[in-house]
Amino acid sequence: MPSPPSSARRIAWTLLLSASHACHYGRRSTEATSASATLRGWHYEVAIDGTLERMDVRVCFEGGPPAALVPGAAEAAALARDVRRADGKPLLRLDHGYALRSLAADACLDYAVDLAALEADEDTEHLVDRAGRSLLLHAGAWLWRPDARPAGATATLRFSLPEGMHASVPWPVHHATERGGTTYRLDSTAFDWLAFVVLGDIAIDRFEHAGTKVELVTLDARLMCPPAGLRAWAEDGLDTVALLYEGHFPREHLQLVVHPVGGADESPVTDHAGPVYFGVAARGGGAGVQIFLDDRASAEALLGNWTTVHELLHHG
């Protein structure tokens, strides 16, 4: 497998992706009231292997299936594998996805995503980033969806991960059980807008501050700042934004992804002030922020950082 892209290339790709705050992928799913009128909802079961190189997805429909299943990011379409009905019969490939007219009501289908190929292909490497034993994926890289969504249809998703690995998403919890894990609810923005999905050996710090539930996620990479310092930095940024909103951060839930990168000599951003190079705000299904952080940053140096506050303010 080729080596992952450098920090500079990762940051440059993210700059391109963040040109629009509401980032749309490929063929946009549309609200429909006729073509898929009997589709009441659909559910994803997502499994990932221990090497983080392959993802297997089962999609089950409630009611009549849509006409087609289409990719989130058009450039990722060729890297889907083994798209089949639940009985193993391959589905017909279309120019923009796979035809589902052969499916009965309440049927399921399976497909796989070659994550290693996504990472290696120059057309799709911006959709996936690997740090140690963790991955940051843009939802458009793997979340295939109906070509049309009936008004009122409900979409949910649940992960099945190898022991010791975890998932972080910005999506609200639909329900959670000790044995069945967490099921997330996906609204229309989860399919159409930029969202960060982080999987693998990641550190997750969940806490409440300034009136919001925070999920502080750190990818599996070297970072000098200890967890307590990261939480203090996050709380400092939330408090600053909350000054504009009567002491409360203006979202009920925030996913804050820390992406450690090498020193300033690897960064294409030469005029950054302090240890935070820049960040990206995402709104796909919930509030998310990705911060590119100098892996040598100290806890003290992070406090009062304006770049962090700037990205958090996008959710105001």
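This structure is a prediction, so every number in the text was calculated from the model and none was measured.

Peer 1: Got a minute to help me understand the state of the cysteines in this structure?
Peer 2: Working definition of a disulfide: a covalent bond connecting the sulfur atoms of two cysteines. Tallied over the entire structure, the rule returns one disulfide. There is a disulfide in this structure between Cys60 and Cys108, and the S-S distance comes to 2.0 Å. Measuring handedness by torsion sign, the sulfur bridge of Cys60 and Cys108 sits at about 105 degrees and is right-handed. Placement of Cys60 in strand 3 (residues 54–63) and of Cys108 in strand 7 (residues 108–114) is noted, with a sequence separation of 48 residues between them. With a relative accessible area of 17%, Cys108 lands in the buried category.

Peer 1: Mind showing me how you'd approach the nonpolar core here?
Peer 2: Nonpolar side chains in soluble globular proteins tend to be buried together. If you look at the biggest cluster of nonpolar residues, it comprises 51 residues, and the most contacted ones within it are Tyr44, Tyr111, Trp142, Phe159, Trp171 and Leu186. Take this core: its biggest share by element is five residues, from strand 2 (residues 39–48).

Peer 1: When you look at helix 6 (residues 306–313) in this model, what are you seeing that I'm missing?
Peer 2: Structural remark: α-helix, 3.6 residues per turn; residues separated by three or four positions point the same way. Among the residues of helix 6, Thr307, Thr308, Val309, Glu311 and Leu312 are the ones counted as buried. Elements in contact with the buried residues of helix 6: helix 4 (227–242), strand 19 (253–261), strand 20 (276–282) and strand 21 (287–294). Between the side-chain oxygen at the start of helix 6 and the backbone nitrogen of Thr307 there is a gap of 3.1 Å, and the oxygen is on Asn305.

Peer 1: Just to check I follow, could you spell out the packing of aromatic side chains for this structure?
Peer 2: In this description, an aromatic ring pair is defined by two values, namely the gap between the centres and the angle between the planes. Throughout the structure, instances matching the rule amount to seven aromatic pairs. Summarising the aromatic geometry, the rings of Tyr98 and Trp144 are spaced 5.8 Å apart at their centres and angled 45 degrees between planes, so their arrangement reads as tilted. Pair noted here: Tyr98 is in strand 6 (residues 98–99) and Trp144 is in the loop between strand 9 (134–138) and strand 10 (145–146), with a separation of 46 residues, a long-range link. As far as burial versus exposure is concerned, Tyr98 and Trp144 are alike and both buried. Summarising the aromatic geometry, the rings of Phe159 and Tyr184 are spaced 6.4 Å apart at their centres and angled 65 degrees between planes, so their arrangement reads as edge-to-face. Linking Phe159 in strand 12 (residues 154–160) with Tyr184 in strand 15 (residues 181–186), this pair joins segments that are 25 residues apart in sequence. Three or more aromatic residues joined by ring pairs make a cluster, and in this case those are Trp42, Tyr44 and Phe191.

Analysis parameters
Residues numbered from 1 in each chain as written. Predicted model: local features only at pLDDT ≥ 70, side-chain atom pairs only at ≥ 80, totals over all residues. Heavy atoms only, no water. Disulfide = S-S within 2.5 Å. Helix = DSSP H or I, 4+ residues; strand = E, 2+ residues; numbered from the N terminus. Buried < 20%, exposed > 50% of the residue type's maximum accessible area, 1.4 Å probe, protein only. Core = buried A, V, L, I, M, F, W, Y, C linked by side-chain atoms within 4.5 Å. Contact = heavy atoms within 4.5 Å. Polar contact = N/O pair within 3.5 Å; in protein donor to acceptor, adjacent residues only side chain to side chain. Phe/Tyr/Trp six-rings, centres within 6.5 Å; stacked < 30°, edge-to-face > 60°.

By themselves, these observations are geometric and do not establish any function.
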